[in-house]
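Listed below, chain by chain, are the residues.
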Amino acid sequence: MDLLPALQTCSFLADFPREDLLRIAELSRVRAYEQGEEIFREGDPAMRFYAVVTGKVKLFKLSPEGKYHIVRLVSRGELFGEAAAFASENYPVFAEAVTRSQLLSIEAAPFLCLVTSQRRLAMKVIVSLSRRLESVVGVLGQLALSDVTARLAKYVLDLSLAATASGAAARVVRLDIRKSDLAARLGTVSESLSRAFARLRDSKLIEVKGNEIRILDPEALARVAAGFRD
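Since we're looking at a predicted model, the values are computed, not measured.

If you tally the helices and strands in the chain, you get nine helices and 11 strands. By residue count, 43% of the 230 residues in the chain fall in the buried class. Put simply, of all contacts in the chain between residues at least 6 apart along the chain, 67% involve residues at least 24 apart. With the model as given, the accessible surface of the chain reaches about 12400 Å², and the carbon-plus-sulfur share is 53%.

Viewed as axis vectors pointing N to C, helix α6 (residues 148-162) and helix α9 (residues 218-225) meet at an angle of 130°, and their least axial separation amounts to 7 Å. Considered as vectors, α6 and α9 are oriented oblique to each other. As for how α6 packs across α9, the hand of that crossing is left-handed. On the side of α6, the interface is formed by Thr149, Ala150, Ala153, Lys154, Val156 and Leu157, while α9 contributes Pro218, Leu221, Ala222, Val224 and Ala225. Partitioning the contact of α6 with α9 into residue classes produces nine nonpolar, one polar and one charged.

For the structure shown, the criterion picks out nine salt bridges. Asp181 is paired through a salt bridge with Lys58; the nearest N and O atoms lie 3.0 Å apart. Of the two residues, Asp181 sits in helix α7 (residues 179-185) while Lys58 sits in strand β4 (residues 57-62), which places them 123 residues apart along the sequence. A residue is classified by how much of its surface remains accessible, and Asp181, at 2% relative accessible area, is buried. Look at Lys58 and you get buried, because its relative accessible area is 4%. Between Asp181 and Arg178 there is a salt bridge, with its nearest N and O atoms 3.4 Å apart. Put simply, Lys58, Glu96, Arg178 and Asp181 are held in one network by salt bridges that share partners.

Moving on: α6. Quick reminder: α-helices carry 3.6 residues per turn. Residues three or four places apart thus point the same way. With 15 residues, α6 extends 21 Å between its outermost C-alpha atoms, agreeing within 8% with the 21 Å of an ideal straight helix rising 1.5 Å per residue. Burial analysis of α6 places 11 of its 15 residues in the buried class, which makes it a mostly covered element. Buried residues of α6: Val148, Thr149, Ala150, Arg151, Leu152, Ala153, Tyr155, Val156, Leu157, Leu159 and Ser160, and no others. Its side-chain oxygen placed 3.2 Å from the backbone nitrogen of Thr149, Asp147 serves as the N-cap of α6.

Once that is clear, we can look at the nonpolar core. Among the nonpolar cores identified, the biggest contains 41 residues, and Leu7, Leu13, Ile39, Val57, Phe80, Ile106 and Phe111 are the most heavily contacted of them. Those residues in contact with Val57, other than ones at most four positions away along the chain, are Ile39, Val52, Arg72, Leu73, Val74, Phe80, Ala95, Glu96, Ala97, Val98 and Leu103.

A few words on the packing of α6 against helix α8 (residues 190-202). It is at 9 Å that the axes of α6 and α8 come closest, and there the two elements cross at 70°. When the interaxial angle is binned, α6 and α8 end up roughly perpendicular. The segment α6 lies against α8, with Val148, Thr149, Leu152 and Ala153 engaging Ser192, Leu193, Ala196, Phe197, Arg199 and Leu200. Residue composition of the contact of α6 with α8, by class: seven nonpolar, two polar and one charged.

As summarised here, the arrangement of the four strands in space is β2-β7-β4-β5, forming an open sheet in which the pairing is antiparallel. The sheet is open, and its two borders are formed by β2 (38-40) and β5 (68-74), each paired with just one other strand. Averaged over neighbouring strand pairs, the angle between their axes works out to 30° when direction is ignored. Where β4 and strand β7 (residues 94-97) come together, four bridges link them in antiparallel fashion. Looking at β7, one finds that Phe60 is bridged to Phe94.

Within a sheet, adjacent strands bond to each other through the backbone by hydrogen bonds, running parallel or antiparallel. Read from one edge to the other, the open sheet built from four strands follows the order β1-β8-β3-β6, with strand pairing classed as antiparallel. The open sheet has two edge strands, β1 (28-33) and β6 (79-80), and neither has a second partner. Summarising the sheet, β1 and strand β8 (residues 101-107) pair through six bridges and their orientation is antiparallel. The residue of β8 that forms the bridge with Arg31 is Leu103. Along the sheet, helix α4 (residues 108-116) contacts β3 (48-54) and β8; its crossing angle with β8, the most-contacted strand, is approximately 60°.

Cut-offs applied
- Residue numbers here run from 1 along each chain, matching the order of that chain's written sequence.
- Whole-chain, interface and lining totals are the exception, using all residues; otherwise, since this is a predicted model, local features are given only for residues with pLDDT of at least 70 and side-chain atom pairs are given and counted only at 80 or more.
- Just so you know, side-chain values use all the structure's heavy atoms and leave hydrogens and water out.
- Elements are defined by DSSP. Helices are runs of H or I of four residues or more, strands are runs of E of two residues or more, and each kind is numbered from the N terminus.
- For the exposure calls, accessible area comes from a 1.4 Å probe over protein chains only, and a residue counts as buried if that area is under 20% of its type's maximum, exposed if over 50%, partly exposed in between.
- Contacts: residue pairs with any heavy atoms within 4.5 Å of one another.
- Values of accessible area rely on a 1.4 Å probe in the Shrake-Rupley scheme; residue burial ignores everything except the protein chains shown.
- Every angle, taken between N-to-C directions, lies between 0 and 180 degrees, and every axis is a line fitted to C-alpha atoms, over only the stretch in contact when it is a helix.
- By the definition adopted for this analysis, an angle is roughly parallel if under 35 degrees, roughly antiparallel if over 145, roughly perpendicular if from 65 to 115, and oblique otherwise.
- Two helices that cross are described as forming a left-handed crossing if the nearer one is turned anticlockwise from the farther one by less than a right angle, and a right-handed crossing if clockwise.
- Polar here means any residue other than Ala, Val, Leu, Ile, Met, Phe, Trp, Tyr, Cys and Pro, which are nonpolar, and Asp, Glu, Lys and Arg, which are charged; Gly is therefore polar.
- Salt bridges are identified by distance alone: a Lys or Arg side-chain nitrogen within 4 Å of an Asp or Glu carboxyl oxygen.
- How far a helix is expected to stretch is found by multiplying one less than its residue total by 1.5 Å.
- We call two N or O atoms a polar contact when they sit within 3.5 Å, provided that within protein one can donate a hydrogen and the other can accept it, with sequence-adjacent residues counted only if both atoms are side-chain atoms.
- Definition used in this section: a nonpolar core is a set of buried Ala, Val, Leu, Ile, Met, Phe, Trp, Tyr and Cys residues joined via side-chain atoms within 4.5 Å.
- We treat two strands as partners when DSSP finds at least two bridges between them.

Right, dumping it as structure tokens:
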């Protein structure tokens, strides 16, 4: 199987020279995962890291009581598991396919041998991990400083911006995960999420039909996302 197209969907690898991609392809494989299928468990040795070719993956933590919190949703072209794999540690989270997905997995040890032999590739790894750290810090800041309604408003706006390739916001979006998963992603519970949806509906900022959300007042929704209330 020609793995070059799959490798080139990964933003981390897309601009690697062809000769490097061919070497990485020898360390890689593509596998399909069904919706809800486990990819790895917290505590498993991180011998491989992954990129999403198609579909979506959730990374989550479980509490001793069995409650879970979604740490990150991973979409097409994004990496996951690389920090633990590069450090030769265990995965710190669970990973599960949210939808039917195709994933590219790459053997960590020989990949690191390749990277350490070429400074250019090593810098790309450093940049990738730095961006991931910035993303995590941003999520933690949002959870600490905003209420559930503001978090939900920002999530809807982010979906809107991602819905069009041109960058122009779309007025109608679809939730890309179950509402129970969305509650976990926003650091809350389903009941609080339902109340947040009700606040946005009652304020005439959105309409909700099933998983479809129509944005009625994007400017006001943005003010809510930023923590301001009319």
